[in-house]
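Read off the chains here:
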Amino acid sequence: MTSAATSAPAGPTVPAGQIIERGLWSDAWRRLLRNRASMVALVWIVLVALLAVAGPNFSPHPFDELDWDHMGVPPQMEAAHWLGTDRLGRDLFVRTLYGVRISLQIGLLATLVSLLIGVAWGATAGYVGGRIDNWMMRFVDVLYALPYIFIVIILSTLFERGNIFVLFFAIGAVGWLTMARIVRGQALSLKRREFIEAAIASGVSTPAILVRHIVPNLIGPVIIYVTLTIPQMILFESFLSFLGLGVQEPLASLGSLINEGAQEMESAVWMLLVPATFLVTLLMSFNFLGDGLRDALDPRDA
Amino acid sequence: MLRYALQRISGVIPTLFVIITASFFVIRLAPGGPFDEEQTLPPEIKANLEAAYGLDQPLLVQYGRYMRGLLAGDFGPSFKFKDFSVTELIAQGLPISLTIGLAAVFVAVLIGVPLGALAALRRNSASDYGIMGFAVLGIALPSFVIGPLFALIFGLYLGVLPVAGYETGQPKYLILPVVTLALPVIAYIARLTRGSLLEVLRSNFVRTARAKGLSPLRVLFRHALRPALLPVVSYLGPATAFVVTGSLVIESVFGLPGTGRYLVQGAINRDYTLVMGMIVVYGAITLLSNLIADLLYGWLDPRVRYD
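Residues numbered from 1 in each chain as written. Chains lettered and ligands numbered in written order. Predicted model: local features only at pLDDT ≥ 70, side-chain atom pairs only at ≥ 80, totals over all residues.

## Comments concerning the overall build of chain B
Scanning chain B from terminus to terminus reveals 12 helices and 0 strands. Taken from the N to the C terminus, the helices and strands of chain B come in the order α-α-α-α-α-α-α-α-α-α-α-α. Principal axes of the C-alpha set define a box for chain B whose edges measure 85 × 60 × 35 Å. Per-residue burial for chain B yields a buried fraction of 38% across its 307 residues. (Helix = DSSP H or I, 4+ residues; strand = E, 2+ residues; numbered from the N terminus. Buried ≥ 20, exposed ≤ 12 C-beta atoms within 10 Å, placed from the backbone.)

## Considerations on the overall build of chain A
The number of helices and strands found in chain A is 13 helices and 0 strands. In chain A, the succession of helices and strands from N to C terminus is α-α-α-α-α-α-α-α-α-α-α-α-α. By the burial criterion, 42% of the 302 residues in chain A qualify as buried.

## Structural notes on the interface of chain A and chain B
Many analyses report the size of an interface as the accessible area lost when the parts associate. Contacts between the two partners involve 31 residues from chain A and, on the opposite side, 35 residues from chain B. Elements represented by at least two residues in the side of chain A that touches chain B include exactly α5 (130–145), α6 (148–158), α11 (219–243), α12 (254–264) and α13 (269–297) of chain A. Here the residues of the side of chain A that touches chain B are counted per class, giving 24 nonpolar, 6 polar and 1 charged. (Contact = placed C-beta atoms within 7 Å. Nonpolar A, V, L, I, M, F, W, Y, C, P; charged D, E, K, R; others polar.)

## A few points about the nonpolar core
One finds F239 and I258 of chain A together with A104, A108, V185, I189 and V275 of chain B to be the most contacted residues of the largest nonpolar core, which totals 150 residues. Among residues more than four places away in sequence, those in contact with V275 of chain B are I27, L263, G266 and A267 of chain B. (Core = buried A, V, L, I, M, F, W, Y, C linked by C-beta atoms within 7 Å.)

## Looking at the confidence of the model for chain B
In this model, chain B carries a mean pLDDT of 81, and residues with pLDDT of at least 70 account for 94%. Interface confidence for the predicted complex, expressed as ipTM, amounts to 0.71; the pTM equals 0.75. (pLDDT = per-residue confidence, 0-100.)

## Structural notes on the environment of A182 of chain B
Residue and element names in this part refer to chain B. With respect to the helices, strands and loops of the structure, A182 is situated in helix α7 (residues 172–201). Exposure remark for A182: the 28 C-beta atoms within 10 Å place this residue in the buried category. In sequence terms A182 and G101 are 81 residues apart; their C-alpha atoms lie 8.5 Å from each other. When neighbours within four sequence positions are excluded, A182 is seen to be in contact with A104, V107 and A108.

## Side note on the packing of helix α11 (residues 260–269) of chain B against helix α12 (residues 272–300) of chain B
Residues and elements named next belong to chain B. Contact pair α11 / α12: the axes reach a minimum separation of 8 Å and the direction vectors enclose 145°. Crossing geometry of α11 relative to α12 is assigned as left-handed. Every residue of α12 that contacts α11 at Y262, L263, G266 and A267 is listed here: L274, V275 and M278. Its residues assigned to classes, the contact of α11 with α12 comprises 6 nonpolar, 1 polar and no charged. (Axes fitted to C-alpha atoms, helices over the stretch in contact; angles between N-to-C directions. Left-handed = near helix turned anticlockwise from the far one by under 90°.)

## Quick look at unusual backbone geometry
Residue and element names in this part refer to chain B. The phi torsion at N124 lies on the positive side, around 65°, for a residue other than glycine. Mapped onto the fold, N124 is located in the loop between α4 (86–121) and α5 (126–140). On the basis of neighbour count, N124 is assigned to the exposed category, with 7 C-beta atoms found within 10 Å.

What follows is the structure, encoded as structure tokens:
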């Protein structure tokens with residue numbers, strides 16, 4: 001990877017100021033457009049999101065309706081159960097799309113929370129440095145020592161089951177650890193740069209330097225990590241719902257649908273395959289998009 | 001080296017202490033208690049129950065008692081599995097969980113490293129793309145999707161392996177769980193090995209070794225592989241943690257009587273002592289595996305200095 005860095009053309013590898021920054025973004029966008037896997041992923045994410053928002057309106061069945069005449073039927077057109085029904089006759093098309101809604105909402109919400117905390121924490125620790133940095137990062141290390149899912153399970157005992165948004169606010173609040181580490185590393189290297197020195201010399205206060213000079217220069221790595229955090233959060237939600245700690249009946253999430261499907265797979269494979277397909281393609285799309293963004297925004301590694 | 005090792009080992013204990021203390025108080029903050037869900041007990045009986053388990057005492061007293069018990073190896077009684085102590089429950093399930101966890105890590109290294117090395121040696125070939133495509137799949141597919149699918153294919157359609165369940169001394173019940181658990185780790189190790197081996201193969205000492213006329217295999221095994229495996233070694237700590245948490249799902253998918261389900265059931269039932277016991281045991285396993293990985297790394301990499 002190091003040799004690629006030296007042979008790269010002398011272009012805007014690092015944004016030195018406002019003028020080059022715009023070039024960096026349009027450059028990155030062009031590189032992303034050329035990445036076929038990322039574009040397919042992006043299109044798929046947008047499609048699934050639109051489908052999740054609008055799709056249930058096209059179906060005559062509400063998500064919790066019990067269709068006594070069509071219990072556990074495979075995908076079919078006649079009764080408008082396009083993706084089949086579960087054991088109670090609930091329409092799988094509508095339920096899966098509701099699950100996708102919840103997954104996307106929670107993925108975005110938890111990521112946003114972890115983004116805000118992670119950037120604030122990491123930028124402060126990295127830029128201020130010294131003993132404060134030491135303590136802040138020691139705290140992160142201790143939380144790191146516990147598997148993340150443990151913290152989530154402990155937190156899930158804290159809240160009334162079913163109140164999933166509060167829970168995911170909490171998960172996002174613990175999920176900022178990696179973000180804080182990445183941001184701190186970036187802030188450490190930014191700190192030594194001339195434009196920061198210039199800001200200090202002209203008497204800008206530390207909080208103002210953080211907000212105006214450090215944070216804007218962190219956007220690249222942060223965006224990359226955000227696209228990789230969203231699928232992680234979606235995965236955690238499904239994981240918890242699969243274990244029965246997340247979304248509660250009659251609401252459905254992809255995880256709880258997969259759990260039901262796994263129990264019924266001997267006689268009703270579609271109950272497993274439908275939600276699993278949506279979950280897997282969404283996760284892979286976000287991962288591909290994240291990889292593509294990494295290549296686009298950080299051409300040194302490409 | 002010895003001083004560094006001792007320093008690291010002594011660092012584990014305070015961390016574990018912080019984890020135990022923090023989780024103890026956080027869990028107790030939760031609304032509701034272990035005796036809530038049984039059809040509304042009369043208040044006197046509930047009070048008696050709580051007194052019997054010491055739940056009526058101030059939190060700090062309970063904490064002191066719990067920590068004293070822990071030092072003596074006593075995790076306390078389970079609130080929901082009546083007649084069982086948490087120590088007994090863990091002693092029953094842990095051997096199975098540890099077996100599948102360690103087997104998964106072992107299998108992952110055994111398969112992941114050769115796959116990654118092959119991809120690096122045949123860079124940009126069909127096998128490289130194949131292996132890396134598999135790696136993307138392995139990392140992105142959650143185990144609670146792979147597990148049921150494997151059970152479906154190998155258990156139901158092909159009928160070669162049992163779908164679920166466990167009998168002592170019958171390793172065939174453990175094959176699917178171990179493979180499912182190992183898959184993402186194989187994928188990750190293959191990616192790590194490929195990346196670092198590519199970098200090592202470009203370095204000067206490998207060129208020198210080649211220039212001396214050593215055979216490619218000798219260059220690989222004598223010179224390149226050892227430094228290339230360092231990132232894999234440092235990944236072993238997180239990998240063990242990953243496998244340990246993965247066992248929560250795997251055991252419920254394949255109906256194995258391990259300890260994973262206790263954490264989840266304990267959390268649902270607000271079985272304080274059971275959840276705490278699981279956190280202590282799994283936290284210790286995680287810390288220990290990170291410690292071993294770090295020490296192994298220091299031992300393998302002569303560039304690491306401890307001053």
